[in-house]
Amino acid sequence: MRAASLSVLTAVATAAALTAVTGCTEKSKGDGDAAIKVTAADSTCDTSATSVPAGQVTLNIENKGSKATEVEILFPDDRIVSEKENIGSGTKYTLTAEVKAGSYEIACRPGMKGHGVRQKLTVTGSGAVAKRNPQLDKAVADYREYAQEQADATIPKVEVFAAAIKAGDLKAAQDAFAPSRVGWERTEPIAESFGDIDPKTDTRADGLEKGQKWTGWHRLEKALWQDKKIGNEEKALADQLVTDLKDWQKRVGKAEITPTSMANGAKELLDEVATGKVTGEEDRYSHTDLSDFRANVEGAQKAYELLKPVARKNDKALTTELDKQFAALDALLDKYRTGRTSDGFVSYDKVGETQRKELSDAVNSLAEPLSKLAAAVVK
Amino acid sequence: MTETQEAATSEAGNSKNPSRRSLIGWGGAGLALGAAAAGGAVAMTRVGDDAAPTAAETGAAVAFHGAHQSGIATPVQDRLHFAAFDVQTEDRAEFVRMLKDWTEAARRMTAGKAVGEGAYGGLAEAPPDDTGEALGLKPSRLTLTIGFGPSLFAKYGDTFRIGDRRPDALVDLPQFAGDALDKARTGGDLCIQACADDPQVAVHAIRNLARIGMGKVNIRWSQLGFGKTSSTTPDAQTPRNLMGFKDGTRNIAGTETDRLKKYVWVDGKDVAGKSDWMTGGSYLVARRIRMHIETWDRTSLQEQEDVFGRDKGEGAPVGKAKEHDEPFLKAMKPDAHVRLAHPDSNNGITILRRGYSFTDGTDGLGRLDAGLFFLAYMRDVRKGFIPLQRKLSAQDALNEYIQHVGSAVFAVPPGIRDKDDWWGSTLFSEEA
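Residues numbered from 1 in each chain as written. Chains lettered and ligands numbered in written order. Predicted model: local features only at pLDDT ≥ 70, side-chain atom pairs only at ≥ 80, totals over all residues.

Visitor: Would you mind showing me how to read the domain arrangement of chain A here?
Guide: A common way to state how big an interface is: give the accessible area lost once the parts meet. Residue and element names in this part refer to chain A. Domain assignment breaks chain A into domain 1 (21–129) and domain 2 (135–378). If you average the C-alpha positions of domain 1 and of domain 2, the two centres end up 34 Å apart. Here the residues of the side of domain 1 that touches domain 2 are counted per class, giving two nonpolar, no polar and three charged. (Domains from an automatic or database assignment. Nonpolar A, V, L, I, M, F, W, Y, C, P; charged D, E, K, R; others polar.)

Written out as structure tokens, the structure reads:
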């Protein structure tokens, strides 16, 4: 993490001026003329209208399925306009949102997970509708799905970590530390875009602001490796970490993601490596830096692969170079795996100066062309 | 030129065809180009009729094109940023493309222009081509000089198809007595010497070349130098090194065409056959020489003067009155630095020195990490630096106060002929 979290992601997204803004929910507001009936079931999602005028849009939802469901209004890139989670089997709910003209989807997610069942929704009205590139919308939607998967997969791993701490099992907690960070590290720019989660979960000792209480992974890392002690405070902090990360998991869907912010996010992940991991500052007690390093690179590569079809059309030389440099860095990192099948890496305090220089050179070789990806995407 | 004009031109300094400052009288620079080609003189410009300020004062540009690379016989600038690089790519074509990109960037920067599309005004989503810190600064006589190290031929001889082109004179330097070389400050597959009168201009040049090189080459080590210790302009005051003594009194002047030809430039007959790409080039030895500043400062004046063989104030040789008086070597102590290093004690061995003082702060013991970053150009390392240093390392009284901690040697190819030429063209052109 960085000391002062960057807001590039948010800033860029705001500037992109998406077509709809606010979403708000109210309970049982009645059923006005403009209301759309949404009938959710275990494998269907029927809507009574596919087109409504811009303004306040009301969804009268009924869950006829056997599982609890979640209903959302989504932008074309899958960002949530408004949503209601946990609508129990056999219950009803009214969702209201202020929606501008444009193309949307209504999604029912039975069991509150996965892609869900989608219906188109056109909101008509005056006001310029920004021209959208469906290829880029798909890239953003796929990336959001990836980010959500990473968050979903992180929770059980961080629960294992927290459970080990609460059991006072130092060794088990040490083993669970690095794996609990992988999903987070892969998608870190998204987490940082929220502003308030990263300081609670991923602050390093030197990143603390005056008066800020030190919480999160690195506080626990210090306890596990340096102090080698688990006390009541650590146990409470472990619970807190799980709570904070569940908050992150819940908010990923609403993160503002644009093709530009994806490309910049990929570059930022490499910046994280260049300033924090290559130097061994990130995981200074556990020396598990290479695990974070690897996750940062994987996350950057995912964003790149999703943007590649568009970038390749605009700048083939750039994507050729990026393919080459991602492969070179992957190959270099593979040398540091502790076993062929293991996710584990060599402890970073065992990586010598010459090797660190080699890693740093490989990071620079990738980050420099990667800094040109955003321009190649919007060209 | 008025303030307003100056502001206007530096404003324009970022645009597509920018100049950090309007080059006063490019005609003058153009005329000097011929001179640079002949003897390595600098482009001088005149501002008014009543005064003829030096190029250093006007911050003018030094011609990039010529028979020899600039930065060798060019009057020594005040500041240095020297960088040694290692090659990373295994792809010959990619390496050559980078050399061409470097040349283009160097051509622009030495003329006071920004790299590529400039430092601002481009696509908002893309990082600017130029890093921007030299905007508004004068060309400051920036010279950029490239060299190729022995390891380039040893490691990449086959890959780059240059294995049989390594000149005989490009030898690995032997270990000298007292050497305490730090691997992290030694060697390099290639080097760039950036000299300018403004330190920011020199650093900007290395930084931008390093950035262009990423993925192809990476910096192995680099050294900043803040004060020239040798002059190639004898009428100017001889600079002093950090020991407080004048250094390089008898150095080769940039205008001494005969001595340059004899001692500095590689002649066609030196490099017959496959290494003839070095004709018109030179060899560069770089040594990071740390001075034990604190112990030196506690040394009596008499001993200091004995060690050098010159007096501290005037710089006159022992028994003489003036700095430029012909030294009587036998009057000096047998281990005096000047006596041992003088051409007359070495069968006439002469090298062109172009070193800089450096201070990289202090070490963990609070001692200045300072000394001389020795740079010398010569026609043949085997007949220049090596015999000289063999002798000095064994006998020089100065050794008590210095230690060689970094070392590198490079083959410096001839000059960039014209706007289509590029660094290394004679080495990497297969048809040549």
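So much for the structure itself; the text now carries on.
Visitor: Looking at this model, I keep getting lost on the interface of chain A and chain B. Mind explaining?
Guide: Contacts between chain A and chain B engage twelve residues on the former and nine residues on the latter. Elements supplying a minimum of two residues to the side of chain A that touches chain B: α11 (353–370) and α12 (373–378) of chain A. The dominant element in the side of chain A that touches chain B, judged by the number of residues it contributes, is α11 of chain A, at five residues. Looking at side-chain class alone, the side of chain A that touches chain B contains four nonpolar, five polar and three charged residues. (Contact = placed C-beta atoms within 7 Å. Helix = DSSP H or I, 4+ residues; strand = E, 2+ residues; numbered from the N terminus.)

Visitor: Whenever I open this one, unusual backbone geometry confuses me. Can you help?
Guide: A negative phi angle characterises most non-glycine residues, just as the trans form characterises most peptide bonds. Residue and element names in this part refer to chain A. With phi around 55°, Asn-86 is a residue other than glycine that occupies positive phi space. Note on placement: Asn-86 falls in strand β7 (residues 80–87). Positioned with a positive phi, Lys-228 is a non-glycine residue whose angle comes to about 50°. With respect to the element layout, Lys-228 can be found in the loop between α6 (217–227) and α7 (232–251). For Lys-228, a count of 11 C-beta atoms within 10 Å corresponds to the exposed category. (Buried ≥ 20, exposed ≤ 12 C-beta atoms within 10 Å, placed from the backbone.)

Visitor: Looking at this structure, I do not really get α6 of chain A. What am I missing?
Guide: Residues that lie three or four places apart on an α-helix share one face, since the helix turns once every 3.6 residues. Residue and element names in this part refer to chain A. Among the residues of α6, those classed as buried are Trp-217, His-218, Arg-219, Leu-220, Glu-221, Ala-223 and Leu-224. Among the structural elements, α2 (134–166), α3 (170–186), α5 (198–201) and α7 are those in contact with the buried residues of α6. Looking one or two places after α6, you find Lys-228, whose phi comes out positive at around 50°.

Visitor: Sorry if this is basic, but what is going on with α11 of chain A here?
Guide: Between the first and last C-alpha of α11 of chain A there are 25 Å, a value that for 18 residues agrees with the 26 Å anticipated at 1.5 Å per step. Within α11 of chain A, the full set of buried residues consists of Leu-359, Asp-361, Ala-362, Val-363, Asn-364, Ser-365, Leu-366, Ala-367, Pro-369 and Leu-370 of chain A. Buried residues in α11 of chain A make contact with α8 (259–277), α9 (289–314), α10 (316–334) and α12 of chain A together with β4 (217–225) of chain B. (Expected span 1.5 Å × (residues − 1).)

Visitor: I would appreciate a short explanation of the sheet that holds strand β9 (residues 102–108) of chain A in the present structure.
Guide: Backbone-to-backbone hydrogen bonds pair the strands of a sheet. The strands run either parallel or antiparallel. All names here are of chain A. Taken in spatial order, the five strands of this open sheet run β4-β10-β9-β6-β7, and their pairing is mixed. Among the strands making up the open sheet, the edge pair consists of β4 (51–53) and β7. Put simply, the sheet's adjacent strands are angled 20° from each other on average, direction ignored. Of the pairings in the sheet, the one linking strand β6 (residues 69–74) to β9 comprises four bridges and is antiparallel in character. Residue pairing across strands places Ile-73 opposite Ile-106, the latter belonging to β9. (Pairing = 2+ DSSP bridges. Axes fitted to C-alpha atoms, helices over the stretch in contact; angles between N-to-C directions.)

Visitor: Honestly, the nonpolar core in this entry has me stumped. Any pointers?
Guide: One broad rule of soluble globular proteins: the nonpolar side chains tend to lie buried together. Ala-194, Ala-202, Tyr-283 and Met-378 of chain B are the most contacted members of the largest nonpolar core, which has 104 residues in total. Look past the residues within four positions of Ala-194 of chain B in its chain and what remains in contact with it is Leu-80, His-81, Leu-142, Leu-144, Ala-202, Ala-205 and Ile-206 of chain B. One finds Trp-217, Ile-257, Leu-329 and Tyr-348 of chain A within the second-largest nonpolar core, a separate group that totals 66 residues. (Core = buried A, V, L, I, M, F, W, Y, C linked by C-beta atoms within 7 Å.)

Visitor: Hey, could you run me through the packing of α8 of chain A against α11 of chain A in this one?
Guide: Between two packed helices, both the angle of their axes relative to each other and the distance between the axes serve to describe the pair. Residue and element names in this part refer to chain A. Viewed as axis vectors pointing N to C, α8 and α11 meet at an angle of 155°, and their least axial separation amounts to 9 Å. When the interaxial angle is binned, α8 and α11 end up roughly antiparallel. The hand of the α8/α11 crossing is left-handed. Taken together, the residues of α11 that come into contact with α8 (itself represented by Ala-266, Lys-267, Leu-270, Asp-271, Val-273 and Ala-274) are Val-363, Leu-366, Ala-367 and Leu-370. Class assignment for the residues of the contact of α8 with α11 results in eight nonpolar, no polar and two charged. (Parallel < 35°, antiparallel > 145°, perpendicular 65-115°, else oblique. Left-handed = near helix turned anticlockwise from the far one by under 90°.)

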